[in-house]
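Tertiary structure, described
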Amino acid sequence: MEDFIYQLAKEILSDLRLDKMLINISEKIKNYIGAERASLFIYDQEHNTLNSVVILADSKTLKNVQIPVTKESIAGYTAISGKILNIKNVHDFDELYRIDRQLRYHSPWLYIPEVKTESMISVPITKDGKILGVFQAINKKGGFTKEDEKKLKKLVPLIAIALDRALSLNQLEMLRSIERTILDNVMEGIALIDLNFRIKEVNSSFIEMLGFRFSENELKNRNIFELIPSLKYYEKNFNFVIDNNISEEIPMEIIRIKVIPINWECLHRKDIKYLALIFNFPRG
């Protein structure tokens with residue numbers, strides 16, 4: 001068990017992209033407990049749904065699956081109740097009725113015609129009392145056992161950490177995409193430089209300001225003073241911003257430049273990490 005947990009942790013850390021991670025975890029655990037198929041769902045609080053991807057066996061392509069979090073689905077009931085469901089036959093109405101009168105079978109495997117679901121184990125994935133998702137596996141010869149339940153319970157904390165990290169990274173990627181979209185749609189040229197005056201990020205307006213002579217990749221890590229030599233005369237203004245942690249405006253002949261300190265707070269310590277340069281320049 002410990003060796004499998006170690007191997008699963010290595011697999012998770014190798015790729016935290018959501019789609020890839022959902023499939024990797026599902027495949028590893030499916031093989032470990034001897035199931036035919038498995039799926040890991042992420043809980044979407046905003047829409048109150050469980051979302052995942054399944055692999056279509058005929059084409060090996062991915063299909064997005066969304067299940068409502070209600071008692072009318074096994075995955076939804078698992079999320080609501082916070083209990084492991086170990087079901088011998090998902091089509092046995094009496095077995096489902098004994099768990100809850102509203103419980104019904106609603107499965108992602110309905111999207112895969114060649115898969116006929118019989119037995120199922122459904123496990124809530126929680127962290128600090130909060131539901132993050134649901135793991136489901138189907139069709140084990142002889143049905144899923146109490147031992148399978150114990151194994152999956154031990155794996156829940158690891159899966160929860162993986163989901164939490166992947167969701168956080170996904171959120172950061174989304175914010176990054178939003179930031180990039182905004183930057184590329186403002187009129188001013190913007191360059192983010194480090195405290196050694198080397199360019200880290202630019203927007204499309206800054207590239208346009210330079211006459212499209214450089215690509216974004218060609219600009220990265222270039223010294224801003226080497227790229228725009230006239231800025232070297234204002235190095236004292238840049239140092240003033242760094243030393244005093246306040247913005248400064250530099251009026252040049254044609255361009256006005258605002259230098260803004262970007263603070264980075266870590267372990268209760270706040271330092272200036274970057275300078276944002278906003279170039280207001282004439283157009284037309």
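Every residue gets a number counted from 1 within its own chain, in the order that chain's sequence is written. Local features in this predicted model are restricted to residues of pLDDT 70 or higher, and side-chain atom pairs are both shown and tallied only at a pLDDT of 80 or more, whereas totals for entire chains, interfaces and linings draw on every residue. With hydrogens and water excluded, all non-hydrogen atoms of the structure serve as input to the side-chain values.

**Concerning the overall build of the protein**
Within the protein one finds nine helices and 11 strands. Relative accessibility thresholds used throughout: buried, under 20% of the residue-type maximum; exposed, over 50%; partly exposed, between the two (1.4 Å probe, protein chains only). With 284 residues in all, the protein has 41% of them scored as buried. Between two residues, a contact is recorded if the distance between any of their heavy atoms is within 4.5 Å. In the protein, once contacts between residues fewer than 6 apart in sequence are set aside, the share between residues at least 24 apart is 51%. Of the roughly 16,200 Å² of accessible surface on the protein, 51% is carried by carbon and sulfur atoms. Secondary structure follows DSSP: runs of H or I at least 4 residues long count as helices, runs of E at least 2 residues long count as strands, and numbering of each begins at the N terminus. Every accessible area reported is derived by Shrake-Rupley at a probe size of 1.4 Å, with residue values counting cover from the shown protein chains alone.

**As for helix α3 (residues 74-81)**
Counting buried positions over the eight residues of α3 gives six, a clear majority of the element. Where α3 is concerned, the buried positions are I74, A75, G76, Y77, T78 and A79. With its phi angle positive at about 70 degrees, G82 sits one or two positions after the end of α3.

**A word on the side chain of E149**
In this fold, E149 is placed in helix α5 (residues 146-183). For E149, a relative accessible area of 14% gives the class buried.

**Description of helix α9 (residues 235-244)**
Along α9, the residues that are buried comprise N237, F238 and V241. Taken down its axis, α9 places every buried residue within 105 degrees of arc, on the same side. Away from its buried face, by an angle of more than 90 degrees, α9 presents the exposed residues K236 and D243. In the segment just after α9, N245 is the residue with positive phi, at about 55 degrees. Directions pointing from the helix axis toward each C-beta atom define the arc.

**With respect to the pairing of strand β8 (residues 199-202)**
Along any regular strand, the residues point their side chains to alternate faces of the sheet. Pairing of strand β7 (residues 189-194) with β8, which is carried by three bridges, proceeds in the antiparallel orientation. Bridge pairing links L192 to E201 in β8. Here the rule is simple: two strands pair whenever DSSP picks up at least two bridges between them. In this antiparallel pair of consecutive strands, β7 and β8, the connection spans four residues, and F197 shows a positive phi of 65 degrees.

**Looking at the pattern of salt bridges**
Each reported salt bridge corresponds to a side-chain nitrogen of Lys or Arg within 4 Å of a carboxyl oxygen of Asp or Glu. If you walk through the whole model with that rule in mind, you get 10 salt bridges. For the salt bridge of D194 with K200, the shortest nitrogen-to-oxygen distance reads 3.8 Å. Residue D194 is classed as buried on the basis of its relative accessible area, which comes to 13%. One connected set of salt bridges, linked through shared partners, spans K127, D128 and D164.

**Looking at the side chain of S205**
For S205, the position within the fold is in helix α6 (residues 204-209). For this analysis, a polar contact is any N or O atom pair within 3.5 Å, provided that within protein one partner can donate a hydrogen and the other can accept it, and provided that sequence-adjacent residues contribute only side-chain to side-chain pairs. Of the polar contacts made by the side chain of S205, one reaches the backbone oxygen of M187; its length is 3.5 Å.

**Regarding the packing of aromatic side chains**
Pairing of aromatic side chains requires ring centres within 6.5 Å, counting the rings of Phe and Tyr and the six-membered ring of Trp. Pairs whose planes differ by under 30 degrees are stacked, by over 60 edge-to-face, and all others tilted. Inspection of every chain in the model, using the stated rule, returns five aromatic pairs. Relative to F225, the ring of F197 lies with its centre 4.8 Å away and its plane at 45 degrees, an arrangement referred to as tilted. Of the two residues, F197 sits in the loop between β7 and β8 while F225 sits in helix α8 (residues 224-227), which places them 28 residues apart along the sequence. The class of F225 is buried, set by a relative accessible area of 7%. Chaining the aromatic ring pairs together yields one cluster made of F197, F225 and F238. When the ring centre of Y32 is taken as reference, the NZ or CZ atom of K151 above it lies at 4.9 Å. Whether a charge sits over a ring depends on NZ of Lys or CZ of Arg being within 6 Å of the ring centre and within 35 degrees of the ring normal.

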